[in-house]
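Architecture at a glance
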Amino acid sequence: MRIGIDARNLVSPLSGISRYIIETTRHLAALGAELYLYLPEATPAQESLPPSVQQDVSIFHGAIPRVFWGNACLPRLIQRDKIDVFWGPAHRLPWIAPVNIPTVLTIHDLVWRHAPSTMRLKGWLAERVFMGPAIRRATQIVTISHASHDAICALYPSIQDKVNLVWPGCTPLPTSDMTLTRHGLSRPYMLFVGTLEPRKNLINLLRAYALLPEALRQQWQLVIAEGNGWKLNHLENIISELNIAQNVLLTGFVSDAELGTLYANAEFLVMPSFYEGFGLPIIEANAAGIPVLTSCLSSMPEVGGDAAFLVDPYSPESITNGLESMMTNKALYQKLVASTKTNAARFTWENSAKALVRVFEQAAKKKLLS
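Here the structure is a predicted model, which means the values were calculated and not measured. (Residues numbered from 1 in each chain as written. Predicted model: local features only at pLDDT ≥ 70, side-chain atom pairs only at ≥ 80, totals over all residues. Heavy atoms only, no water.)

Observations regarding the pairing of strand β1 (residues 2–6)
Our working rule: Burial status follows relative accessibility: with a 1.4 Å probe on protein chains alone, a residue under 20% of its type maximum counts as buried, one over 50% as exposed, and anything between as partly exposed. Note on conventions: DSSP H or I runs of at least 4 residues are helices, E runs of at least 2 residues are strands, and numbering of each starts at the N terminus. For two strands to be treated as a pair, DSSP must find no fewer than two bridges joining them.
A large share of β1 lies buried, amounting to four of its five residues. Looking at chain direction, β1 and strand β2 (residues 34–39) are connected through five bridges and run parallel. The residue of β2 that forms the bridge with Gly-4 is Tyr-36. Note: β1 against strand β4 (residues 85–88), three bridges, orientation parallel. In the sheet register, Ile-3 faces β4, and the bridge partner there is Val-85.

Spelled out as structure tokens, the structure:
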């Protein structure tokens, strides 16, 4: 099967969606699919892509030129290459796709609908304008959790029969011997992983950490890893105001090897987000053998399973109580640890790619019969 992929998300700083596209591409190629990646400009993820994947790289730099590329250039490219199925892996399809080519659309979440205050205005407008029409035009739709599946069907009831649940997989991460030394980590720590943005609920996490008894804060460090975001440039000021600077480490962006090491040596992951379509750090942490303190909302209970301790993300006190339980209740902690590997094993990229191929086949059959 010849599959065309809108790979525009690979030209931005790499994110969870980027990892989703890269890993799915790798495993589709391993299954023998003939893949065509369409890029508005060159990608920094070039070395992560299989050599068998054919790439069409244009020269459209910036958000607005990418919109033009996706709607004016992309349809001609997929028609030219005689694609059997076209896949939009992140909420977008061309406004006018070739009528003879079936389309599959992946919707990761409905943040714009359920947590709009946590988004940039530009991103919120783009999702509001482009997502609905893409959902209606798609031959088949994929989503990545039961929570997102139910939310999509509730918002767009007329398309329920074409929405498919396909869980993503868990990527094994390398480790680095130098990571802990480089960051000066020498005591037990809880780990936050993610973009520094309002949806991740870092402010309430910091407030909750500050509410812990001082003796526990001195014993347990809070490590905040990963990339820069928005609306949280004042994070260091908040940490200082809460008087917890000596116990909080901001690593900035880390490599996969550094991230793998941070997971492997953490006591547990903290992810009290207001909303997640899936939450890849949950299963990355579980694969490293560490449990998760996470939110009781959206997809997080589903993904965390028996290896997660759930809290109310809107209540710093609830988060504090959860942190203290994870830090001091050894029986609870060991019970959660015992479930980590089993929980992570539910999510594999091989199974995800196989399920996605079945959706591609359904889309092709549906288009043939229409």
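Read on for the rest.
Regarding the sheet that holds strand β7 (residues 163–165)
The cut-off we apply is this: Angles here are taken between N-to-C directions and fall from 0 to 180 degrees, while the axes themselves are lines fitted to C-alpha atoms, restricted in helices to the stretch in contact. Contacts: residue pairs with any heavy atoms within 4.5 Å of one another.
Spatially, the seven strands line up as an open sheet ordered β3-β2-β1-β4-β5-β6-β7, and their pairing is parallel. Bordering the open sheet on either side are β3 (54–57) and β7, each of which pairs with just one other strand. If you compare each strand with its neighbour and ignore which way they point, the axes differ by 25° on average. Across the face of the sheet, helix α1 (residues 16–30) comes into contact with β1, β2, β4, β5 (103–107) and β6 (140–143) while running at roughly 155° to β2. Helix-sheet contacts for helix α5 (residues 146–155) involve β5, β6 and β7, and the interaxial angle to β7 is about 170°.

With respect to the packing of α1 against helix α16 (residues 349–369)
The axes of two packed helices give the description: the angle between them and the distance between them. Our working rule: Any angle that is under 35 degrees is reported as roughly parallel, and any over 145 degrees as roughly antiparallel; angles of 65 to 115 degrees are reported as roughly perpendicular and all others as oblique. Note on residue categories: nonpolar means Ala, Val, Leu, Ile, Met, Phe, Trp, Tyr, Cys or Pro, charged means Asp, Glu, Lys or Arg, and polar means any other residue, Gly included.
Contact geometry for α1 and α16: axes closest at 9 Å, N-to-C directions at 80°. Taken together, α1 and α16 sit at an angle that is classed as roughly perpendicular. Contacts between α1 and α16 pair Arg-19, Tyr-20, Glu-23, Thr-24, His-27 and Leu-28 from the former with Trp-349, Glu-350, Ala-353, Leu-356, Val-357 and Phe-360 from the latter. Tallied by class, the residues present in the contact of α1 with α16 amount to seven nonpolar, two polar and three charged.

Here's the deal with the sheet that holds strand β11 (residues 268–271)
Reading across from one edge, β10-β9-β8-β11-β12-β13 is the order of the six strands in this open sheet, with parallel pairing throughout. A strand with exactly one partner marks an edge of an open sheet, and here the two such strands are β10 (248–252) and β13 (308–311). Direction aside, neighbouring strands of the sheet carry axes that sit 25° apart on average. Both β11 and strand β12 (residues 292–295) contribute to a ladder of three bridges, which runs parallel. In the sheet register, Met-271 faces β12, and the bridge partner there is Thr-294. In this fold helix α7 (residues 202–210) packs onto β8 (189–193), β9 (221–225), β10 and β11, with an angle of close to 165° to the strand it touches most, β9.

Section: the packing of aromatic side chains
Stated formally: We call Phe, Tyr and Trp rings a pair once their centres come within 6.5 Å, taking the six-membered ring for Trp, and we label the pair stacked below 30 degrees between planes, edge-to-face above 60, and tilted otherwise.
The final tally for this structure, using the stated rule, is nine aromatic pairs. Look at Phe-60 and Phe-68: their rings are 5.9 Å apart centre to centre, the planes differ by 35°, and that puts the pair in the tilted class. Aromatic pair Trp-220 and Phe-268: ring centres 5.8 Å apart, planes at 45°, arrangement tilted. Linking Trp-220 in the loop between α8 (214–219) and β9 with Phe-268 in strand β11, this pair joins segments that are 48 residues apart in sequence. You can call Trp-220 buried: its relative accessible area is 7%. Taken together, the ring pairs connect Tyr-20, Trp-87, Trp-349 and Phe-360 into an aromatic cluster.

Things to note about the packing of α7 against helix α13 (residues 316–328)
Our working definition: Throughout, a crossing is termed right-handed when the near helix is turned clockwise from the far one, and left-handed when it is turned anticlockwise from it by less than a right angle.
Relative to each other, α7 and α13 sit at 60°, their axes nearing to 8 Å. The orientation of α7 with respect to α13, classified from their angle, is oblique. In the packing of α7 onto α13, the handedness of the crossing is right-handed. Across the interface between the two elements, Asn-204, Leu-205, Arg-207, Ala-208 and Tyr-209 from α7 touch Pro-316, Ile-319, Thr-320 and Leu-323 from α13. Taken together, the residues of the contact of α7 with α13 sort by class into six nonpolar, two polar and one charged.

With respect to the environment of Gln-218
Locating Gln-218 in the fold gives a position in helix α8. On the accessibility criterion, Gln-218 (39% relative accessible area) is partly exposed. Sequence-wise, Gln-218 and Thr-181 are 37 residues apart; in three dimensions their C-alpha atoms are separated by 19 Å. If near-sequence neighbours (up to four positions away) are discounted, Gln-218 is found in contact with Arg-187, Gln-246 and Asn-247.

Description of unusual backbone geometry
For Lys-82, which is not a glycine, the phi torsion comes out positive at approximately 55°. Summarising the element assignment, Lys-82 is placed in the loop between α2 (63–80) and β4. The class of Lys-82 is exposed, set by a relative accessible area of 61%. Despite not being glycine, Ser-298 has its phi angle at roughly 45°, a positive value.

Some details on the nonpolar core
Our working definition: In this description, a nonpolar core means a group of buried Ala, Val, Leu, Ile, Met, Phe, Trp, Tyr and Cys residues linked to one another through side-chain atoms lying within 4.5 Å.
Ranked by internal contacts, the top residues of the largest apolar core, which has 56 residues, are Trp-87, Leu-191, Tyr-263 and Leu-269. Ranked by size, the runner-up nonpolar core spans 30 residues in total, among them Tyr-36, Ala-151, Ile-159 and Val-163.

Take it as geometry only, folks, not as evidence of what the structure does.
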